[in-house]
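# Architecture at a glance
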Amino acid sequence: MQDHTVTFELDQSRWDAFVEGSAEATPYHRYSWRRVIEESFGHRGHYLAALDGAGAVRGILPLVHMRSALFGNFLVSVPFVNYGGLLCNSDGAGAALVAAAERLRSSLGAGHVEMRHLAFKVGGLPARTHKVTMVLPLQPDAQSQWDSFNAKLRNQIRKAEKSGLTCTIGHLDLLDDFYDVFARNMRDLGTPVYGKEFFRNVLRAFPEHSKIFAVMNDGRTIAAGIVSWYRRTTEMPWASSIREYKPLCPNNLLYWEAIRFAIDKGCASFDFGRSTPEEGTFNFKKQWGAQPVQLYWQYLLPEGEPLPELSPKNPKFEAAIALWKRLPVGMTRILGPAIVRNIP
């Protein structure tokens, strides 16, 4: 097996060139995500690259170091999003990167390294398989896509339209509208909310590959999502609606407009994002015809250590979630970003 050198100093142009040449790359492997996370949350990125004997890039592993008294000390590839992990074109490069990540974990005193792999896993590493992403294969035109939906789903979309709901597409001009809905919904779910600057940084980093969709009712935004696209896949990684408007089916209109947008862009698939099988969001996505794709969250751990458990289903977080749901939305917008910055 060829020896590889691992560097932490690869420049952005070479990094992104390797990503663009890799069929398995996700949008979150792009180097700009390092700046988004560092500027939004203050976490340091450690971006590892494996070079062969001729100096050619043969693999990358973007890692972000997270450390807090409440949630611990660990590295993630990539936090706050669904994907990341190892990307390489040789077994030797992969082995070198994993070994370098383990050395980095030890030197930082971190408890574990988490690599978020999409339909891929590194042999021999422990993994969580509790999540899937839901992916809808897209038809070549909107009418064919509409015809593929069942009658119930089509009626829900029609109900939103007949109720006078409309969808507006914008960018930074809709950020305040999106964030007002998002923050309120996160409070209702008992989840600390990201700071608005995170979303602003995402939109600024990828201005040609992102939009905000907002569903309006009498001039008020009642549902909104950030839509992004990479290669031939569109996704909506962050979306929310106001709970009391649920009978008007704003979410159905929001996703339908995003799917139509993806088809118009020539995309082949729409990624609804990660879900726990058979739970509420999973079933919502399944009704559109989306199919589950297994996620493998793999770990580097000290020998004998159990897999980490930062899920909100962990009983030690239940009381905090119940309390959060009772806080005023304005207070959660102040307190939330300081907490959620440490939850990957």
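Residues numbered from 1 in each chain as written. Predicted model: local features only at pLDDT ≥ 70, side-chain atom pairs only at ≥ 80, totals over all residues. Heavy atoms only, no water.

Here we come to the overall build of the chain. Each helix and strand counted, the chain has 11 helices and 14 strands in total. Taken over C-alpha atoms, the radius of gyration comes to 21 Å for the chain, in line with the 20 Å a tight globule of 344 residues would show. Principal-axis analysis of the C-alpha atoms gives the chain an extent of 65 × 45 × 35 Å. Taken across its 344 residues, the chain has 53% of its residues classed as buried. Residue pairs in contact within the chain that sit at least 24 positions apart in sequence constitute 72% of those at least 6 positions apart. As presented, the chain carries roughly 15,500 Å² of accessible surface, and 51% of it is formed by carbon and sulfur atoms. When the 40 positive and 34 negative side-chain charges of the chain are each reduced to one mean point, those points stand 5 Å apart. (Helix = DSSP H or I, 4+ residues; strand = E, 2+ residues; numbered from the N terminus. Rg over C-alpha atoms; globule rule 2.2 N^0.38 Å. Buried < 20%, exposed > 50% of the residue type's maximum accessible area, 1.4 Å probe, protein only. Contact = heavy atoms within 4.5 Å. Areas by Shrake-Rupley, 256 points an atom, 1.4 Å probe, with all protein chains shown as cover. Lys, Arg positive; Asp, Glu negative; His and termini not counted. Charge placed at Lys NZ, Arg CZ, Asp CG, Glu CD.)

The subject of this paragraph is the state of the cysteines. All told, the structure shown has 0 disulfides when counted by the stated rule. There is no disulfide at Cys267, and the cysteine sulfur nearest it, in Cys167, is 16 Å away. (Disulfide = S-S within 2.5 Å.)

Among the secondary structure elements, Asn185 is positioned in helix α6 (residues 175-189). Using a relative accessible area of 13% as the deciding quantity, one classes Asn185 as buried. Residues in contact with Asn185, not counting those within four places in the same chain, are Ser240 and Ser241.

Our focus in this paragraph is the packing of aromatic side chains. For the coordinates displayed, the defined rule picks out 33 aromatic pairs. Residues Phe199 and Trp238 carry aromatic rings whose centres are separated by 5.5 Å and whose planes lie at 75° to one another, so their mutual orientation is edge-to-face. You can see Phe199 sitting in helix α7 (residues 196-205) and its partner Trp238 sitting in strand β12 (residues 233-241), a full 39 residues away along the chain. Exposure class is identical for Phe199 and Trp238. Each is buried. (Phe/Tyr/Trp six-rings, centres within 6.5 Å; stacked < 30°, edge-to-face > 60°.)

On to the pairing of strand β6 (residues 112-118). Buried residues dominate β6, accounting for 6 of its 7 residues. In this structure, strand β4 (residues 72-77) lies alongside β6, joined through 4 bridges in parallel fashion. When the sheet's bridge partners are listed, Phe74 is paired in β6 with His112. In this sheet, strand β14 (residues 291-300) lies alongside β6 in antiparallel orientation, the contact comprising 6 bridges. Residue pairing for β14: His117 is matched across the bridge by Tyr296. (Pairing = 2+ DSSP bridges.)

Attention shifts here to the packing of helix α2 (residues 32-41) against α7. For the pair α2 and α7, interaxial distance at closest approach is 9 Å and the crossing angle is 155°. Looking at the two axes, α2 sits roughly antiparallel to α7. Pair α2 / α7 crosses with right-handed handedness. The segment α2 lies against α7, with Trp33, Val36, Glu39, Ser40 and Phe41 engaging Glu197, Phe198, Asn201, Val202 and Ala205. (Axes fitted to C-alpha atoms, helices over the stretch in contact; angles between N-to-C directions. Parallel < 35°, antiparallel > 145°, perpendicular 65-115°, else oblique. Left-handed = near helix turned anticlockwise from the far one by under 90°.)

Here we take up the environment of Ala268. One can find Ala268 in the loop between α8 (250-264) and β13 (269-275). A relative accessible area of 33% means that Ala268 is categorised as partly exposed. C-alpha separation for the pair Ala268 and Thr234, spaced 34 residues apart in sequence, amounts to 8.4 Å. Leaving out residues up to four positions away in the same chain, Ala268 has contacts with Leu136, Pro137, Leu138 and Arg232.

On to the nonpolar core. Trp33, Phe178, Tyr194, Phe198, Phe199 and Trp238 are the most contacted members of the largest nonpolar core, which totals 51 residues. Per-element tally for this core: the top contributor is α6, with 6 residues. Setting aside chain neighbours within four positions, we find Trp33 in contact with Pro27, Tyr28, Tyr47, Val81, Phe198, Val202, Phe206 and Trp238. Residues Val181, Ile222, Trp229 and Trp288 belong to the second largest nonpolar core, which totals 36 residues. (Core = buried A, V, L, I, M, F, W, Y, C linked by side-chain atoms within 4.5 Å.)

Scope: geometric values only; no functional claims are made or implied.
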